[in-house]
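Architecture at a glance
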Amino acid sequence: MGTTKVQKADEKGCGEYDGLSPAFDVRGRSFMKALNRSDDNAMGPRAHFETQSKPAVLALEAVQLNDEGVYKCRVDFKSSPTRNIGVNLTVIVPPHSLLIYDSSGAQVKSVVGPYEVGKRFNLTCEVRGGKPRPTLSWLANGEEVLGRIEQEPGNSIVTNKLSVSQLKREHLNTTYTCRASNTRLVGPLEKSVLLDVYLKPVSVKMLTKPTLMEADKDYSIACESAGSHPRAKITWFQEHTPISTVRVSESSNGDSSVVTSTLTFAPRPEEHGKVIKCRGENPALNSAYLEDSFHMNVVFRPIVHLRLGSTLSPDSIKEGDDVYFECEVRANPEHHKISWRHNGGTLMQNQSAGIIMSAQSLVLQRIVRENGGNYTCLASNDRGETSSPTVALRVQYAPICKSKEVSIIGASLEESVRVRCEVEADPAEVDFVWEFNNSGENFEVAPARVDGINGTTSELLYTPMTDRDYGALTCWGKNPIGKQVTPCVYQIIPAVKPSPLTNCTTRLTLNHSAESLEVDCVPGYDGGLRQEFRLEAFDVSSGKLRLNLTAELPVFRIAVGDLLPATHLYLTAYAFNAKGRSEVSLIEDIILGEADKQTESSVSMMPLLLLVLGCLFALGVTVVSVVLMMYRRRGSTSPVHIEPYMKQPIITPPDSRNNSMLDVTHGDHTYFVEYTLKQVADYALNNQPDIIQSPQVDQEKMKREPQLFLPVRPDTLFAPYDIHKQGLQTNRCSLNPFSAKSWEPISFKADRNLMKEIIIANSIPGPESCV
């Protein structure tokens, strides 16, 4: 561990240690051949005398503790006295073991901790061995700090305790070194540890905070956390719920204490007003976190939900009830308009009709079945308009007829007909009652005669056996809501041939370079059966049938090419049903160009021909109008002779209310047709016939409601034919459809019921119908 050098004496002398080894002897030999020995019981080969150095020294290798003591060097001279020199050798033993312990007594290798800021910190350094006793010291990052030295008596272990009362952020990564030394001959014994301290984040900050966000549009929000050790974990929250279904990416700028997290998401409308939080926390410490947040301002189109009033039961709403709807709207910016739709049509405020709109509610008072259907509410804001899902309103109601018109069914005696009664009702479980009445009786049809019942449909197999079996069949339906107020009426009349076609007009058209002839007629009465229509074209010269067409409506289109090579034709049209065909109506003669001259010149003549025909027709209408005006001025006492069957009756249409009557004035007679059927219960009190004559002297005594009748005349409802020529039985009433009085024509389709009522009045058999 060191060398001991002993100065040698004069070169002529010799050295000896107490007579023991080592010894250097030059007696009787040259200096270079001197004897150099060391006693094995002393130092042995570890000691030898070196003469090469000046002065010469005694070298001692591998010094041991027992080598310590006083060394004497004796030099003997031949001619001089012996000299003795003493040297004291002190052997120093460096410390051989240095250990560091933490506050729990655990040995620390290289890192101590981690500790939390604010906690107390202790380190103990222990040194073992060493002579003389070593000194211990602490250094913090190279700067000496004070510790407390402790040593037990009789114990060679020396300790130094270092204490820090309160750890701070700056203590992180401090290097503490324990140093032991007892000599300057060798370097001190040292050991260092690194202090690890957990640190909370010092800052968490969102780098972007959008002030306005569009719904369903992607946004990226960055959050930065700094000052945490170990590095912070960044977590995103919506309100108090962690966000885990969106994209999050993290990055670092080289500073391990700075972490950046980026959240990418598309806000939804329902997230408006919610709080987005960014939390940076030390994962090793409980509650060691900081947060930053902002409120989302999400703009979006209105979100609309419609529901029936919470106090209503959707399956128990019936006619006459009051219902209301509530429209729930969520929108940003706030909605500025709410509108309502029923079956696709816009609803407007109408208190008189029971439609009341208030804020976000719709109230329907005293509903009827037409109020049923699909309802939606629409809300608008600056972002657009949104419609709610459809809410169906079911309005339950008593049965009503599917067809509002009185159905006329023609049947011959002993002919069975199926009368189908179809009603609309909710619930659809309907019980039916059939009744029959004529001018003399009213009774319920036996159930056995009802052929089938199915939901809202009932069929009656009816067979008139005598003339008294002609009359009105009524069908009543009843469901859990109530009984049908107005029955379905089916007038059973004798089936006859249809009436002739009237007002047939022709016109020539040019379409795609092809000439065609169009014929349009007005149909007459169908005879109580389904009728079809036929047009026939005959060659005038040969009488040969050139063309016939059948149609469901009296409208025909003929290609002129189909009529060639005939050039002169006449057209006839008629209606037919299961009972036969009507009288044939001759329309007019048609003159076409020759077959070999069907060129553009012949086609160009048609417009001129039509113009001439139009002028002639207008002239005829003018003459007829003058004649009619002259007749009106003369009055009923005019000497101008007019056949009775050429006078058209003045007809007052029936009203839809009970006990309404059809008023027909013909000549000096007035007829009243009561078309509202009498109930069975009322029959005993009201047994007047369906058609009665109004006595001239008691005209004022007749019970009528003048306000229920509006005088009109259905010119277009009847064909101009002579009823006397139809061969009707003499016991039937004949009302002639002609009159010289000028009236505004009535539409055929709009007044079909009126036509049926008049036909009924003319067709009901039996002497009890005519007086």
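Now for a quick tour of the structure. Being a predicted model, the structure only gives us computed values, none of them experimental. (Residues numbered from 1 in each chain as written. Predicted model: local features only at pLDDT ≥ 70, side-chain atom pairs only at ≥ 80, totals over all residues. Heavy atoms only, no water.)

Secondary structure summary: the chain contains three helices and 56 strands in total. Looking at the chain as a whole, 42% of its 771 residues qualify as buried. Taking the intrachain contacts of the chain between residues at least 6 apart in sequence as the baseline, contacts between residues at least 24 apart amount to 63%. Of the roughly 42,900 Å² of accessible surface on the chain, 51% is carried by carbon and sulfur atoms. (Helix = DSSP H or I, 4+ residues; strand = E, 2+ residues; numbered from the N terminus. Buried < 20%, exposed > 50% of the residue type's maximum accessible area, 1.4 Å probe, protein only. Contact = heavy atoms within 4.5 Å. Areas by Shrake-Rupley, 256 points an atom, 1.4 Å probe, with all protein chains shown as cover.)

Quick look at the side chain of Gln-484 now. Topologically, Gln-484 is positioned in the loop between β43 (482-483) and β44 (488-494). A polar side-chain atom of Gln-484 sits 2.8 Å from the main-chain carbonyl oxygen of Thr-486. Residues within four places of Gln-484 in sequence aside, it is in contact with Pro-399, Ile-400, Cys-401, Val-423, Cys-475, Trp-476 and Gly-477. (Polar contact = N/O pair within 3.5 Å; in protein donor to acceptor, adjacent residues only side chain to side chain.)

Below, the discussion takes up the nonpolar core. In this structure, Phe-121, Leu-123 and Tyr-176 are the most contacted members of the largest nonpolar core, which totals 24 residues. Listed by contribution, the elements that provide at least two residues to this core are β8 (97-102), β9 (111-116), β10 (121-128), β11 (135-140), β14 (158-164), β15 (175-181) and β16 (189-198). It is β10 that provides the largest number of residues to this core, a total of four residues. Among residues more than four places away in sequence, those in contact with Phe-121 are Val-112, Tyr-115, Leu-162, Ser-163, Val-164, Leu-167, Tyr-176 and Leu-195. (Core = buried A, V, L, I, M, F, W, Y, C linked by side-chain atoms within 4.5 Å.)

Within the structure shown, the criterion is met by seven aromatic pairs. Both rings, one in Tyr-115 and one in Phe-121, keep their centres 5.3 Å apart while their planes meet at 70°; by these two values the pair is edge-to-face. The two residues Tyr-115 and Phe-121 agree in class, both being buried. Plain terms: the ring middles of Trp-434 and Tyr-490 are 6.0 Å apart, the flat faces sit at 35° to each other, and that makes the pair tilted. Of this pair, Trp-434 sits in strand β38 (residues 431-437) while Tyr-490 is found in strand β44, placing the two residues 56 residues apart along the sequence. (Phe/Tyr/Trp six-rings, centres within 6.5 Å; stacked < 30°, edge-to-face > 60°.)

The next subject is the pattern of salt bridges. Using the criterion set out here, one finds 26 salt bridges in the structure. For Glu-459, the salt bridge goes to Arg-420, with nearest N and O atoms at 2.5 Å. Separated by 39 residues along the polypeptide, Glu-459 in strand β41 (residues 457-462) and Arg-420 in strand β37 (residues 417-426) bring together distant segments of the chain. Accessibility expressed as a relative area gives 16% for Glu-459, which makes it buried. Arg-420 gets classed as partly exposed once you look at its relative accessible area, which sits at 44%. Ionic pairing is found between Glu-532 and Arg-530, a salt bridge with its closest N-O pair at 3.1 Å. (Salt bridge = Lys/Arg side-chain N within 4 Å of Asp/Glu carboxyl O.)

Moving on, we come to unusual backbone geometry. The peptide bond linking Gly-113 to Pro-114 adopts the cis configuration, its omega dihedral lying at 5°. With respect to the secondary-structure elements, Pro-114 resides in strand β9. For the bond from Asn-332 to Pro-333, the omega torsion is 5°, close enough to zero to count as cis. For Pro-333, the location among the structural elements is in the loop between β27 (323-332) and β28 (337-342). Of note in the backbone geometry, Asn-173 takes a positive phi value of approximately 65° without being a glycine. Assignment of secondary structure puts Asn-173 in the loop between β14 and β15. We classify Asn-173 as partly exposed; its relative accessible area is 44%. Phi at Asn-503 is positive, roughly 50°, even though this residue is not glycine. Along the polypeptide, Asn-503 turns up in strand β45 (residues 502-511).

This brings us to the state of the cysteines. Here is the idea: a disulfide is a covalent bond, and it sits between the sulfur atoms of two cysteines. Here the structure, examined in full by the defined rule, presents six disulfides. In this model, Cys-125 is linked to Cys-178 through a disulfide, with the two sulfur atoms separated by 1.6 Å. Looking down the S-S bond of the Cys-125 and Cys-178 bridge, the torsion is -85°, so its handedness is left-handed. Here the residue Cys-125 occupies a position in strand β10, and Cys-178 occupies one in strand β15, the gap between them amounting to 53 residues. Residue Cys-125 shares its accessibility class with Cys-178, and that shared class is buried. The residue that forms a disulfide with Cys-504 is Cys-521, at a sulfur-sulfur distance of 2.0 Å. A torsion of 115° about the S-S bond marks the disulfide between Cys-504 and Cys-521 as right-handed. Of this pair, Cys-504 sits in strand β45 while Cys-521 sits in strand β46 (residues 514-522), placing them 17 residues apart in sequence. Assessed through its relative accessible area of 21%, Cys-504 is described here as partly exposed. Of the residues examined, Cys-521 reaches a relative accessible area of 5% and is grouped as buried. (Disulfide = S-S within 2.5 Å.)

Looking now at the pairing of strand β33 (residues 384-387). Across four bridges, strand β32 (residues 373-381) lies against β33 in antiparallel orientation. Counted as the bridge partner of Ala-379 is Thr-386 from β33. Adjacent in sequence and paired antiparallel, β32 and β33 are bridged by two residues. (Pairing = 2+ DSSP bridges.)

On the basis of which strands lie adjacent, the open sheet formed by four strands has the order β17-β19-β23-β22 and antiparallel pairing. The sheet is open, and its two borders are formed by β17 (203-206) and β22 (247-251), each paired with just one other strand. Mean inter-strand twist for the sheet, computed between neighbouring axes without regard to direction, equals 15°. (Axes fitted to C-alpha atoms, helices over the stretch in contact; angles between N-to-C directions.)

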